[in-house]
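A closer look at the structure
Now for the letters of each chain:
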Amino acid sequence: MDSEPRDVDLQVGSLPVAAASSSVARVWCMCNSSCRISLSPLDPGPHFKGVSRPCLACAAPRPDGPPHSAAAPAPPRDWARPEGGPGLAAEVGLAARVSSGEEAGPAWAAAGTSIEGGGGGRASGRQRGPCGRRRQRRPGTAARRGGEPSGAGAAAGAMPPPKDVVKIAIQMVGAIPQLIELQQTKPLASVLKDVCDAWSLPNAERYALQYADGRQTYITESNRGEIKNGSILQLATSPDQEAERLYSGIQSNNLDVKTDSLKKLASLSQDVTFAQEFINRNGLKQIFSIVEEGNDTGEMLVHTLKAFMELMEHDFVSWETLSAAFIKKVVSYVNMNAVDASIQQLSLSILENMVPTSRLLFELVKKEVTLDRLLTHLQVTDAQLQLKAMALLIALLLAATDAERRDMMDYLREKNIRQFIHKNIIHSSEPLGDEMAHYLYVLQSVSLNLCERRMRTSMDPYSQEQRELLQSLRQTAFESEGEAPASNFSTERRRSLCAKEFRKLGFMNNSNPAEDLRHAPPGLLALDNMVYFSRHTPNAYSRFVLENSSREDKHECPFARSSIQLTLILCEILHVGEPCSEVAQAFYPMFFGQDHFFEELFCICIQLVNKTWKEMRATQEDFDKVLQVVREQITRTLSLKPTSLELFKTRVNALNYSEILKLRQTERLHQEETLAVPVLELRERLKPELLELIRQQRLLHLCEGTLFRKISSRRRQDKLWYCRLSPNHKVLHYGDVEEGVHSPPIESLPEKIPVADMKMLLVGKECPHTKEKSSGKQNKDVLELAFSIVYDVEEYCLSFVAPTRYEFCLWTDGLNVLLGKEMTSERTQTDLDVLLSMELKLRLLDLENISIPDTPPPIPKPPSNLNFCYDFSHAEQ
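The present account deals with the structure reproduced in this document. (Residues numbered from 1 in each chain as written. Predicted model: local features only at pLDDT ≥ 70, side-chain atom pairs only at ≥ 80, totals over all residues. Heavy atoms only, no water.)

**Side note on the overall build of the chain**
- Within the chain one finds 33 helices and 16 strands.
- Taking all 877 residues of the chain together, 46% fall into the buried category.
- Taking contacts inside the chain between residues at least 6 apart in sequence as the whole, the part at least 24 apart equals 65%.
- For the chain, the accessible area works out to roughly 45500 Å², and carbon and sulfur atoms hold 52% of it. (Helix = DSSP H or I, 4+ residues; strand = E, 2+ residues; numbered from the N terminus. Buried < 20%, exposed > 50% of the residue type's maximum accessible area, 1.4 Å probe, protein only. Contact = heavy atoms within 4.5 Å. Areas by Shrake-Rupley, 256 points an atom, 1.4 Å probe, with all protein chains shown as cover.)

This is the structure:
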């Protein structure tokens, strides 16, 4: 008597296929006619292809060909565990539920084989006897109804998979993808052999696995630990085979083959495994030959130079090994006019990488690529070519000695580079990119650091040149009194007269004013500023000195003492003498509108000191208080980023002492009104609601995402990557992006980290990518902006360097929210204070005799015409 037909309902996760797909195909199993399979047509699986594998439901072998007839022989009763790999559920990523006319597989259920083909639990499902009667469930057997587990077997099935096993998909062109459980402890060669055997591919050693998305990195024993559950891999030619094929292809006489090979080489060279294989075959020598011969131009040369750049990024080969012929050829592309812009961009990038690695290469590039040529490239309309030219200019400045840097900056000043940058880059129609903003910051920092030598040099009282500079201050201020009569005086009389005049100038040691300038910093830089002020604005200088000379002693503003202290304040505000940050982008636009920026800024601020001194009616005892107010006036005005020194002068003078007092009083009243006991109680009641609002804002910012820059210890990289949180707050998506892409769609970011796998957040010195650079001189800006996410059981790290402190605060807060921790950044406290202040003012608003309307006010009628426009671009001119 024929047995009752058995239905196998395959499930996707906890949902049956029928629930996941509106169209379900029912087909016969290839083992016998009493087994029927329900499969989604979206992924028909091996049953439609006749793959010779055991059947999942009954463990009978399925030979190639059409399904068996009803008269097919029954499977052997002593059939144990299926051979040839996991069952159908493992292949198509489904969970099965079996109901059969007899036990689910004669020996399969008895042997305790998992329905998923990989576990050791018993088969779950309803069991019936030979005549269809319901059989009593044996102890330890799990039953599932509607996908819900129960009993001890269900508890075992709910356990997470081992941490050294990941479920992945492997695809190949023209073949059905395989879904396997990858044992991380199993040698990669064995995994490849199993994959190739499943597709009947010989010579498994000729193949390799690589990621299907993103950069398509090859999987090796060293990086296989980075494979995550759900990763999609593809079977590709092994790196050594691919390297051999492309090495032959770039030597082909067929231009099409050669071009395609170079294009593929430029793409694959980003992978470190392939790059090593290609370099081991002396592939760089062949690239050198292509460039040195100079026969190939256009697209072929672009791919060649790009491949060279990617291969050199891995640091397998020193830049010092480059031949002189190769370097001169690359230099010629920079110096030629009729060359494709892409070739010039790549050539400039190669030279930029070359300069910091060797003193010899720096001198060679500096000699071959003149500053005039770089200035020519800065004047083009191509923004990318401008950027690469600026990058090479900055690399040359940073690699030069102090004397060379000073000469280069003097030459650039003669060529009016600042005015050109101010007009054609800062105020161009195109928005300023982050990379260009960083280079402008570095150029500003390098220029200001030229003052460091004078700032750290004390005055030498025996130096004739310095004594003459000091005497010129006295002569310029008191020239109306004349020196001729003093020459008739005795030595003692002249000495007494000079001491009196130096006292009027504001020197504390009037008998030997050089002593006032012995302290460094500011050292001789203060003397230089005083001399510049006296020579370039003699009227303002004389008015300052003579005006204070006629006051009572206790109310006079000491010019020399104020100048020395003001110079020190400006050095601190402008970070003179500090190393350039690797990530900072904060530059002052007005810096590029003036050649002698520091000196001109001093001239404005020293007059501000005198003005504030009079407004405060200060005495000598108030000197420090006056300078504190001046510092506040300067910093508040600089924070507004004025576009010119004239605009800075207007704004800083408008911010007089009375305005400073109002600002301070407002801040003090704000503190006082928030310290009352009832107000403090109200604050505590409002805090939870406002903190939740801040949390939502942080998560929303993470969902919008941020563009991060990859930082290398060798140089600032051009490569960018983007990270954003999924709208459901469950997954972090990230991946590499191209320059100019500001908000890529979430689908274009191949890498992802489940929020559930995140373990902790590291910041500053705790981050692994800052510890790796601990051997060198660390930059404090990088430490302040660095943070890392530790995730997964293996404790991998995803490391960040935020573009700004604002982004650092928002991201660390958002990640702490996802981890269920408190937000700890200073931005949280600032935002909370602002929101609390606004809410408190609304709550405490006096509404006496004010009627609150029940309905909102009506919307006004639109204007009669819309012919109005205001141009903000000239508002600050």
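Once the structure has been displayed, the description carries forward.
**Concerning the environment of Asp831**
- Looking at the secondary structure, you find Asp831 in helix 33 (residues 826-843).
- Under the relative-accessibility criterion, Asp831 is labelled buried at 18%.

**Observations regarding the packing of helix 16 (residues 417-426) against helix 17 (residues 434-448)**
- It is the contact of helix 16 with helix 17, at a shortest axis distance of 13 Å, that shows an interaxial angle of 160 degrees. Our classification of the angle between helix 16 and helix 17 gives roughly antiparallel. Regarding helix 16 and helix 17, the two cross each other, and that crossing is left-handed. Residues Arg418, Ile421, Ile425 and Ile426 of helix 16 lie in contact with helix 17, whose contacting residues are Met436, Leu440, Leu443 and Ser447.
- Tallied by class, the residues present in the contact of helix 16 with helix 17 amount to 6 nonpolar, 1 polar and 1 charged. (Axes fitted to C-alpha atoms, helices over the stretch in contact; angles between N-to-C directions. Parallel < 35°, antiparallel > 145°, perpendicular 65-115°, else oblique. Left-handed = near helix turned anticlockwise from the far one by under 90°. Nonpolar A, V, L, I, M, F, W, Y, C, P; charged D, E, K, R; others polar.)

**Some points on the nonpolar core**
- Of all hydrophobic cores here, the largest spans 149 residues; its most connected members are Phe308, Met390, Ile421, Leu527 and Ile634.
- When residues of this core are assigned to their parent elements, the largest contribution, 12 residues, is made by helix 25 (residues 597-616).
- Ile421 has contacts with Met390, Ile426, Leu440, Leu443 and Phe592, leaving out every residue within four places of it along the chain.
- If you look at the next biggest cluster of nonpolar residues, it comprises 41 residues, including Leu686, Met758, Tyr791 and Phe800. (Core = buried A, V, L, I, M, F, W, Y, C linked by side-chain atoms within 4.5 Å.)

**A closer look at the pattern of salt bridges**
- Under the criterion given, the structure shown has 31 salt bridges.
- The salt bridge partner of Arg359 is Glu404, with a shortest N-O separation of 2.6 Å. In this pair, Arg359 sits in helix 12 (residues 359-368) while Glu404 sits in helix 15 (residues 402-414), placing the two residues 45 residues apart along the sequence.
- Connected through shared salt-bridge partners, Arg698, Asp813, Arg827 and Asp831 make up one network. (Salt bridge = Lys/Arg side-chain N within 4 Å of Asp/Glu carboxyl O.)

**A short note on the sheet that holds strand 7 (residues 178-183)**
- One open sheet holds the 4 strands; their spatial order is 7-6-9-8, and the pairing between them is mixed. The open sheet is flanked by strand 7 and strand 8 (207-211), the only strands paired with a single partner. Neighbouring strand axes in the sheet, compared pairwise and without regard to direction, differ in orientation by 40 degrees on average.
- The sheet strands contacting helix 4 (residues 188-198) are strand 6 (165-171), strand 7, strand 8 and strand 9 (232-237), and the helix crosses strand 8 at an angle near 100 degrees. (Pairing = 2+ DSSP bridges.)

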